[in-house]
Amino acid sequence: MSKKILMVCLGNICRSPLAEGILKSKVSNKNIIVDSAGTAAYHIGKSPDKRSIDIAEQHNIDISLQKARELSVNDLDDFDLIYAMDKTNFDNIISLAETDLQHNKVRMIMNEVYPNENIDVPDPYYGGDKGFHDVYKMLDKATDKIVDKIL
Ligand code: 4NP
């Protein structure tokens, strides 16, 4: 099964770093590579948002050393599964895809829990801490399903 998983959001500082950290914590010691990227370049090289670092830490996951990077077309070849946090991210990733193989790797992450419903992981950037709790809960559920699928 697939062994290289990429999590994608807009800025790569709130949602996808959490998705990366949570999935990594569930596949440690396994031969699985997990990474994350953003569709926008605003935050390249930055650490995750403090609110994401904090909610991860409350679950004993350290994402503080991650650095934001921008999604590139090469990622569509390098990774086996590419998970978009929301529909806008999905559309932006798909717009880079040139082949059916690349296209077919791209998924809405919450479809692992609620197939075909295309539910967004809401962007928590402009909200409060509750948004980050909700994002964590959603990604915890989705990554459980991803683990079932790939291990
Ligand atoms: P993310 O959240 O896509 O989950 O990393 C955002 C981070 C930054 C911005 C928007 C969303 N921003 O507009 O700077």
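Thresholds applied
- Residues numbered from 1 in each chain as written.
- Predicted model: local features only at pLDDT ≥ 70, side-chain atom pairs only at ≥ 80, totals over all residues.
- Heavy atoms only, no water.
- Near = heavy atom within 4 Å.
- Polar contact = N/O pair within 3.5 Å; in protein donor to acceptor, adjacent residues only side chain to side chain.
- Areas by Shrake-Rupley, 256 points an atom, 1.4 Å probe, with all protein chains shown as cover.
- Nonpolar A, V, L, I, M, F, W, Y, C, P; charged D, E, K, R; others polar.
- Core = buried A, V, L, I, M, F, W, Y, C linked by side-chain atoms within 4.5 Å.
- Buried < 20%, exposed > 50% of the residue type's maximum accessible area, 1.4 Å probe, protein only.
- Helix = DSSP H or I, 4+ residues; strand = E, 2+ residues; numbered from the N terminus.
- Contact = heavy atoms within 4.5 Å.
- Expected span 1.5 Å × (residues − 1).
- Phe/Tyr/Trp six-rings, centres within 6.5 Å; stacked < 30°, edge-to-face > 60°.
- Lys NZ or Arg CZ within 6 Å of the ring centre and 35° of its normal.
- Axes fitted to C-alpha atoms, helices over the stretch in contact; angles between N-to-C directions.
- Parallel < 35°, antiparallel > 145°, perpendicular 65-115°, else oblique.
- Left-handed = near helix turned anticlockwise from the far one by under 90°.

1. Structural notes on the site of the ligand
Next, step 1: Neighbouring residues of the ligand: C9, L10, G11, N12, I13, C14, R15, Y42, H43, D123, Y125 and Y126.
Next, step 2: Contact distances for the ligand include 2.9 Å between an oxygen atom and a backbone N or O atom of C14.
Next, step 3: Residue H43 places a side-chain N or O atom 2.8 Å away from an oxygen atom belonging to the ligand.
Next, step 4: Protein contacts shield 92% of the accessible area of the ligand, which totals 360 Å² for the unbound molecule.
Next, step 5: The residue makeup of the shell around the ligand, split by class, is seven nonpolar, three polar and two charged.

2. Digging into the nonpolar core
Next, step 1: Formed by 34 residues in total, the largest nonpolar core has its most connected members in I5, M7, L18, L23, M85, I109 and L139.
Next, step 2: Listing elements by their share of this core, those giving two or more residues are strand 1 (4-9), helix 1 (15-26), helix 2 (50-57), strand 3 (81-84) and helix 6 (129-150).
Next, step 3: Sort the elements by how many residues they give to this core and helix 6 lands first, with nine residues.
Next, step 4: The contacts of L139, once residues within four sequence positions are left out, are R15, L18, A19, I22, M85, I109 and V121.
Next, step 5: By size, the runner-up hydrophobic cluster in this structure holds 14 residues, among which are L71, F79, I82 and A84.

3. Things to note about helix 6
Next, step 1: Compared with the 32 Å implied by 1.5 Å per residue over 22 residues, the 31 Å span of helix 6 between its first and last C-alpha is a close match.
Next, step 2: Regarding helix 6, the residues found buried are F132, V135, Y136, M138, L139, A142, T143, I146, V147 and I150.
Next, step 3: Here the buried face of helix 6 lies against strand 1, helix 1, helix 2 and strand 3.

4. Remarks on the packing of aromatic side chains
Next, step 1: Tallied over the entire structure, the rule returns one aromatic pair.
Next, step 2: Between Y125 and Y126, the ring centres sit 4.8 Å apart and the planes meet at 80°, which makes this aromatic pair edge-to-face.
Next, step 3: Using a relative accessible area of 29% as the deciding quantity, one classes Y125 as partly exposed.
Next, step 4: The ring of F79 carries the charged tip of K4 above its face, separated from the ring centre by 5.0 Å.

5. Section: the packing of helix 1 against helix 6
Angle between the axes and distance between the axes: these two values describe a pair of packed helices.
Next, step 1: As a packed pair, helix 1 and helix 6 sit with axes 9 Å apart at the nearest point and diverge in direction by 45°. Put simply, helix 1 runs oblique to helix 6. Crossing geometry of helix 1 relative to helix 6 is assigned as right-handed. Across the interface between the two elements, R15, L18, A19, I22, L23 and K26 from helix 1 touch V135, Y136, L139, D140, T143, D144, I146 and V147 from helix 6.
Next, step 2: Of the residues contributing to the contact of helix 1 with helix 6, the split by class is nine nonpolar, one polar and four charged.

Fair warning: the whole summary comes from geometry, so function is off the table for now.
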